[in-house]
Protein chains: 2
Amino acid sequence: MTRVLVIDDEAPILRALKINLTARKYEVCTAADGASGLAAMARERPDVLILDLGLPDMDGTEVIKGVRGWTSTPIIVLSAWGQESQKVAALDAGADDYVTKPFGMDELLARLRAAVRRASPAPDEPVVTTAEFTVDLARKRVTRGTADVRLTPTEWQVLEVLVRNADRLVTQRRLLAEVWGPGYHNEANYLRVYMANLRRKLEPDPSVPRYLLTEPGMGYRFLPG
Amino acid sequence: MTRVLVIDDEAPILRALKINLTARKYEVCTAADGASGLAAMARERPDVLILDLGLPDMDGTEVIKGVRGWTSTPIIVLSAWGQESQKVAALDAGADDYVTKPFGMDELLARLRAAVRRASPAPDEPVVTTAEFTVDLARKRVTRGTADVRLTPTEWQVLEVLVRNADRLVTQRRLLAEVWGPGYHNEANYLRVYMANLRRKLEPDPSVPRYLLTEPGMGYRFLPG
DNA sequence: CCGCGGCGTTAAGAACCCGTCAAGATCGGC
DNA sequence: GCCGATCTTGACGGGTTCTTAACGCCGCGG
C-alpha cells in the first residue's frame, strides 16, 4: 500500500485530501506546518510527499531542500494560483511536480500515480549473487547455499542499501539516514551492531569479512563476486 | 548536452520552443505529427520528449503508449486549456508531466529540468587514471596496478580535492579550508604530513613526485597522465 | 659563511573508531 | 497480559588515525 504524507495548514484541504486518498487505498498521514512536516517525513517514511507551499512557519523551498537533503522521495507541490517564479523555484529546489489550486482531484490523483510509477520501478537487477550467498531485492530474500537466511527488518534494510550500491562506498551518514532517518548521524553504534549481525549470518568467516567490508572512518562497502 | 524532441503541429509554438531551448543549450529536433514523431523518437533517441496532444493524425495517448512501449524517456505533454479527463488519460498512459497552454516558458524550462534530473539519477563522477594508479571518485576507491590502495579518510579528502582540480594549482589555503575547515590556514604542517603519506602510497618514487607536485610557496598540483 | 624560511620526514601520545558482548527497553503475536 | 523476537544503549579492549613537535635538507640572500 502506498503511503502519502500531506503537509498543509488549511484544514479543509487536508480533510478533502485525506478522504479522497484513503478511499483510493492510500495510507495517509498529515502535518500542518513545515517543522512537524519534516519530522513526520523522517518518522513515517512515506512513498510520496504532497506539500502545500503556503505554510505558516517556513518557506516552501526550505522544506523541499530539507527533504532532498537525505531522500529522493517524490514531492508534489500544491500552491495557490500565483507567481510563476515560485513554481520555478520549487521545481529547481527538487520538487517533482507542481499543481495549482484550485485543482481537480482527478488530476492530482493522476499526477500522484505518475510520480509513484516513476519512483518505484527499478527492476534492473533484483538479484545479486556472490560465491557465498544470494540477495533477491524484489522478494526480499537472502539465500545461502541451499537454505534461506533469516534477517530482521533492520538487518534487511541495511543490507539492501549496501547491495543497491554494490561496489561503492556508502558513508555511515548515508546508511544511518536511509535506515534510521536523518538525525541519527551520530549513532554509529547501531551500524556496528548490525554489520556484526549481518556478517555473522552471511560471511564465511565473520572475523575476516570478504563481502561486507569496513572502510575505517568512512563507511562500509558491499563487494559482490 | 541534453537532447530534446518536440512533437507539435503548430508552427509558431514549435518555433518558439526551438529558439528558447536552443538558447538554453539544449539540442532540439522536431516533428509535426504523431507518425513522424514516433519515427524521430526511434531515430534520434532524445533525452526528453515534449509532446503536444493536439496532433492531426493520432490521438495523443496513442503516441504516449507507442513511446512507452520501448523506452522510459521522460515525456512532458502540452495541451490546450481543456478537458481534465485528457490530463488524467495522458498521465496514466505514461506521461511524466502535463503543462496547459498558454504556459510560461520559465515554467516549462523548470519542468524540463525536473524531468531530466529525475531521469538521470547517476551523475557520473569521473574516473581519473594515470600510468601508476586510478582514482574512482564515485566508488571512493584508489587502485594501483591490480591491488586496492587503502587511504585514511583525511588522505582521501586531500586526494579528492586535488583530483577534482586536476592540472590546476590548489593553494594550501584552499586545501586546508576544504579538508580541515576554515580557521586552519596556518597549519601547513598537516599538508606536509599528508602529502608525504599520499606520495608514499601512490608515487613510484616518493622522493621524486611525478603526479603530486609541490608548487613552492603556493600549494600543490595533481598531474594526470 | 651563516641565518632563514619553506619543505619533507619521522615518531609518539592523544583521540578516535571498530568489533564484541550483554543488559534493558520495546514491539508484536497469541 | 504474557512471551519471544527485535531494537536500543552502554561499556570495554585492541587497533588505527590524527595531531603535534622536532629534526634535517635545500636554496636564497645577506
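Our subject is the structure that appears above.
Per-chain numbering applies: the sequence of each chain, read as written, is numbered from 1 onward. Labels follow written order: the first chain is A, the first ligand is 1, and so on. Restriction of local features to residues with pLDDT of at least 70 applies here, the model being predicted, together with a cutoff of 80 or more for giving and counting side-chain atom pairs; totals for whole chains, interfaces and linings are based on all residues. As a convention, hydrogens and water are excluded, and side-chain values are obtained from all of the structure's heavy atoms.

## Regarding the protein's contact with DNA strand D
Throughout, the term near means that a residue has one or more heavy atoms lying within 4 Å of the molecule or strand in question. As a structural note, the neighbourhood of DNA strand D is formed by 17 residues, with Thr 152, Thr 154 and Tyr 190 of chain A together with Thr 154 and Tyr 190 of chain B the closest of them. Of all atoms in DNA strand D that approach within 4 Å of the protein, 83% are sugar or phosphate atoms. In the analysis that follows, any N or O atom pair within 3.5 Å is treated as a polar contact, provided that within protein one partner can donate a hydrogen and the other can accept it, and provided that, for residues neighboring in sequence, both atoms belong to side chains. Between Thr 152 of chain A and DNA strand D, the recorded distance is 2.6 Å, taken from a side-chain N or O atom to a phosphate oxygen. Taking Tyr 194 of chain A, its side chain carries an N or O atom lying 3.1 Å from a sugar or linking oxygen of DNA strand D. Those elements giving two or more residues to the surface near DNA strand D turn out to be helix H6 (153–164) and helix H8 (188–202) of chain A together with helix H6 (153–164) and helix H8 (188–202) of chain B. The element that contributes the greatest number of residues to the surface near DNA strand D is H8 of chain A, accounting for four residues. A per-class count over the surface near DNA strand D returns ten nonpolar, five polar and two charged. Helix and strand assignments come from DSSP, with helices taken as H or I runs of at least 4 residues and strands as E runs of at least 2, each series counted from the N terminus. The nonpolar class holds Ala, Val, Leu, Ile, Met, Phe, Trp, Tyr, Cys and Pro. Asp, Glu, Lys and Arg form the charged class, and all remaining residues, Gly among them, are polar.

## A word on the packing of H6 of chain A against H8 of chain A
All names here are of chain A. As a packed pair, H6 and H8 sit with axes 10 Å apart at the nearest point and diverge in direction by 85°. Here H8 runs roughly perpendicular to H6, going by the angle between their axes. Taking contact as the criterion, the partners of Thr 154, Glu 155, Val 158, Leu 159 and Leu 162 in H6 are, on H8, Tyr 194, Met 195, Asn 197, Leu 198, Lys 201 and Leu 202. Axis geometry follows a simple rule: fit a line to the C-alpha atoms, using only the stretch in contact for helices, then measure angles between N-to-C directions, giving values from 0 to 180 degrees. Any angle between 65 and 115 degrees counts as roughly perpendicular, while under 35 counts as roughly parallel, over 145 as roughly antiparallel, and the rest as oblique. Here, residues are in contact when the closest pair of their heavy atoms is within 4.5 Å.

## Digging into the interface of chain B and chain A
One frequent convention defines the size of an interface as the accessible area lost when the parts assemble. At the junction of the two partners, chain B supplies 28 residues and chain A supplies 28 residues. Note on terms: buried area is the combined drop in 1.4 Å-probe accessible area of two parts once they are placed together, counting the loss on both. Note on chain B versus chain A: buried area summed over both sides is about 2500 Å², and carbon and sulfur give 46% of it. By salt bridge we mean one thing: a side-chain nitrogen of Lys or Arg within 4 Å of a carboxyl oxygen of Asp or Glu. Our count for the chain B to chain A interface comes out at ten salt bridges. For Arg 118 of chain A, the salt bridge identified is with Asp 96 of chain B, shortest N-O distance 3.5 Å. Taken together, the connections running from chain B to chain A amount to 15 residue pairs in polar contact (both at pLDDT 80 or more). Elements supplying a minimum of two residues to the side of chain B that touches chain A: helix H4 (84–93), strand E5 (97–101), helix H5 (105–119) and H6 of chain B. Element by element, the count of residues in the side of chain B that touches chain A is highest for H5 of chain B, at nine residues. Residues that form the side of chain B that touches chain A fall into these classes: eleven nonpolar, two polar and 15 charged.

## Some details on unusual backbone geometry
A cis amide bond links Lys 101 of chain A with the next residue in sequence, Pro 102 of chain A, at an omega value of 0°. One non-glycine residue with positive phi stands out, namely Lys 140 of chain A, at about 55°. Its location among the elements puts Lys 140 of chain A in the loop between strand E7 (133–136) and strand E8 (141–144). For Lys 25 of chain B, which is not glycine, the phi torsion reads 70° and is therefore positive. Structurally, the position occupied by Lys 25 of chain B is in the loop between helix H1 (11–23) and strand E2 (27–31).

## Notes on the nonpolar core
Residue and element names in this part refer to chain B. Residues grouped as a nonpolar core are buried Ala, Val, Leu, Ile, Met, Phe, Trp, Tyr and Cys residues, joined through side-chain atoms within 4.5 Å. Classification of residues uses two cut-offs on accessible area relative to the type maximum, computed with a 1.4 Å probe and protein chains only: under 20% is buried, over 50% is exposed, and between them is partly exposed. Ranked by size, the top nonpolar core spans 27 residues in total, and within it Leu 159, Leu 162, Leu 175, Leu 202, Leu 212 and Phe 222 carry the most contacts. Every element with two or more residues in this core is listed here: strand E7 (133–136), H6, helix H7 (172–180), H8 and strand E12 (219–222). In this structure Leu 159 touches Val 135, Val 142, Leu 151, Leu 198, Leu 202 and Leu 212, once residues within four positions along its chain are discounted.

## Some details on the packing of aromatic side chains
Centre-to-centre distance and the angle between the planes together describe a pair of aromatic rings. Residue and element names in this part refer to chain A. Any pair of Phe, Tyr and Trp rings, taking the six-membered ring for Trp, is counted once the centres come within 6.5 Å. Such a pair is stacked with planes under 30 degrees apart, edge-to-face with planes over 60 apart, and tilted for the rest. One pass over the full model with this rule turns up ten aromatic pairs over all chains. On the basis of an interplanar angle of 50° and a centroid distance of 6.2 Å, the ring pair of Tyr 184 and Tyr 190 is categorised as tilted. Through successive ring pairs, a cluster of aromatic residues spans Trp 180, Tyr 184, Tyr 190 and Tyr 194.

## Some words on the protein's contact with DNA strand C
In the region of DNA strand C, 17 residues are neighbours, and Arg 199 and Thr 214 of chain A together with Arg 199, Thr 214 and Gly 217 of chain B sit closest. Among all atoms of DNA strand C positioned within 4 Å of the protein, those belonging to sugar or phosphate total 60%. Note that a phosphate oxygen of DNA strand C is positioned 2.8 Å from one of the side-chain N or O atoms of Arg 199 of chain B. Elements supplying a minimum of two residues to the surface near DNA strand C: H8 of chain A together with H8 of chain B.

## A closer look at the pattern of salt bridges
This model, assessed by the stated rule, comprises 41 salt bridges over all chains. Between Lys 101 of chain A and Asp 52 of chain A there is a salt bridge whose closest N-O contact spans 2.7 Å. Placement of the pair is Lys 101 of chain A in strand E5 (residues 97–101) and Asp 52 of chain A in strand E3 (residues 48–52), with a sequence separation of 49 residues. The exposure class of Asp 52 of chain A is buried, given its relative accessible area of 2%. Three or more residues joined by partner-sharing salt bridges are found here, namely Lys 87, Asp 97, Glu 107 and Arg 111 of chain A together with Lys 87, Asp 97, Glu 107 and Arg 111 of chain B.

## Considering the sheet that holds E2 of chain B
Residues and elements named next belong to chain B. One open sheet holds the five strands; their spatial order is E2-E1-E3-E4-E5, and the pairing between them is parallel. Of all the strands in the sheet, just E2 and E5 have a single pairing partner and so form its edges. Along the sheet, successive strands turn relative to each other by an average axial angle of 20°, direction set aside. Strands are treated as partners if at least two bridges between them are detected by DSSP. Both strand E1 (residues 3–7) and E2 contribute to a ladder of five bridges, which runs parallel. Paired with Val 6 across the strands is Thr 30, a residue of E2.

## Quick word on the sheet that holds strand E6 (residues 127–129) of chain B
Residue and element names in this part refer to chain B. The strand order E6-E7-E8-E9 describes an open sheet built from four strands, whose pairing is antiparallel. Both outer strands of the open sheet, E6 and strand E9 (147–149), are each paired with one neighbouring strand and no more. Ignoring which end each strand starts from, the neighbouring axes of this sheet average 25° apart. When strand E8 (residues 141–144) meets E9, the two strands line up antiparallel, connected through three bridges. Pairing of Thr 143 across the sheet is with Asp 148, part of E9. Sitting on the sheet, H6 touches E6, E7 and E8, and the angle it makes with E7 is about 90°. Relative to the sheet, H8 contacts E7, E8 and E9, its axis offset from that of E8 by approximately 45°.

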